[in-house]
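In case you want the letters, here they are:
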Amino acid sequence: MDLSKFNTITLNSLIRLTKRKDALHKQVQKIEAQLAGLFGGKSAAVKAPAKRGRKPGKKAKAVKTVKAKKVAKPAKVSSAKGGPRKRRSALKDQVFTALKQAGKTGTSVKDIADKIKIKPQNLHVWFSTTGKKFPQIVKVEQGRYRLR
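Residues numbered from 1 in each chain as written. Predicted model: local features only at pLDDT ≥ 70, side-chain atom pairs only at ≥ 80, totals over all residues. Heavy atoms only, no water.

Novice: Sorry, what's going on with the environment of I116 here?
Specialist: Structurally, I116 can be placed in helix α3 (residues 109–116). For I116, a relative accessible area of 10% corresponds to the buried category. For the pair formed by I116 and L91, sequence separation is 25 residues and the distance between their alpha carbons is 8.1 Å. Sequence-distant contacts of I116, defined by excluding residues within four places in its chain, comprise L91, Q94, V95 and L123. (Helix = DSSP H or I, 4+ residues; strand = E, 2+ residues; numbered from the N terminus. Buried < 20%, exposed > 50% of the residue type's maximum accessible area, 1.4 Å probe, protein only. Contact = heavy atoms within 4.5 Å.)

What follows is the structure in structure tokens.
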């Protein structure tokens, strides 16, 4: 056996095979114990796995069951046009794209809402909350915005 020819792949294979050999050896020992028990008139030495629940022959205790409250499934959120809702960052990107296309004159919230297919009221709320955080968005007049 030349140790200079060993590499990590060979060592990993040896380890895997050794573990497999040990597991098989344990199985053989269990089988031999069962055979010895059967020939000796004794029951098998290996026990069956424990079962869940009550033990046979014992009465079940009376348990008061409580019905669980039904929880309503959350409604599927969709946009104004019936399509699936998009990510919030996608909304920001769409608003900025629409404002860039509008140029220096700006555009109305209703026009942007029609382009990106959301309710104008939702876009008004977006401008009054999230839109405030972007200094490059300027309010030209009521309901009209542009980029600096």
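Novice: Whenever I open this one, helix α1 (residues 8–39) confuses me. Can you help?
Specialist: Here α1 is 32 residues long and its end C-alpha atoms lie 47 Å apart, about the 46 Å a rise of 1.5 Å per residue gives. Between the side-chain oxygen at the start of α1 and the backbone nitrogen of I9 there is a gap of 3.2 Å, and the oxygen is on N7. (Expected span 1.5 Å × (residues − 1). Polar contact = N/O pair within 3.5 Å; in protein donor to acceptor, adjacent residues only side chain to side chain.)

Novice: It is not clear to me how the side chain of T107 should be interpreted in this structure. Could you clarify?
Specialist: Within the fold, T107 resides in strand β1 (residues 107–108). T107 sits in the buried class, given a relative accessible area of 11%.

Novice: Just to check I follow, could you spell out a nonpolar patch on the surface for this structure?
Specialist: A cluster of nonpolar side chains, I31, L35 and F39, forms an exposed patch at the surface whose accessible area comes to about 360 Å². Mapped onto the elements, L35 comes out in helix α1. Assessed through its relative accessible area of 42%, L35 is described here as partly exposed. (Patch = residues over 30% accessible without salt bridge, like charges linked within 9 Å, V, L, I, M, F, W, Y side chains within 5 Å. Areas by Shrake-Rupley, 256 points an atom, 1.4 Å probe, with all protein chains shown as cover. Salt bridge = Lys/Arg side-chain N within 4 Å of Asp/Glu carboxyl O.)

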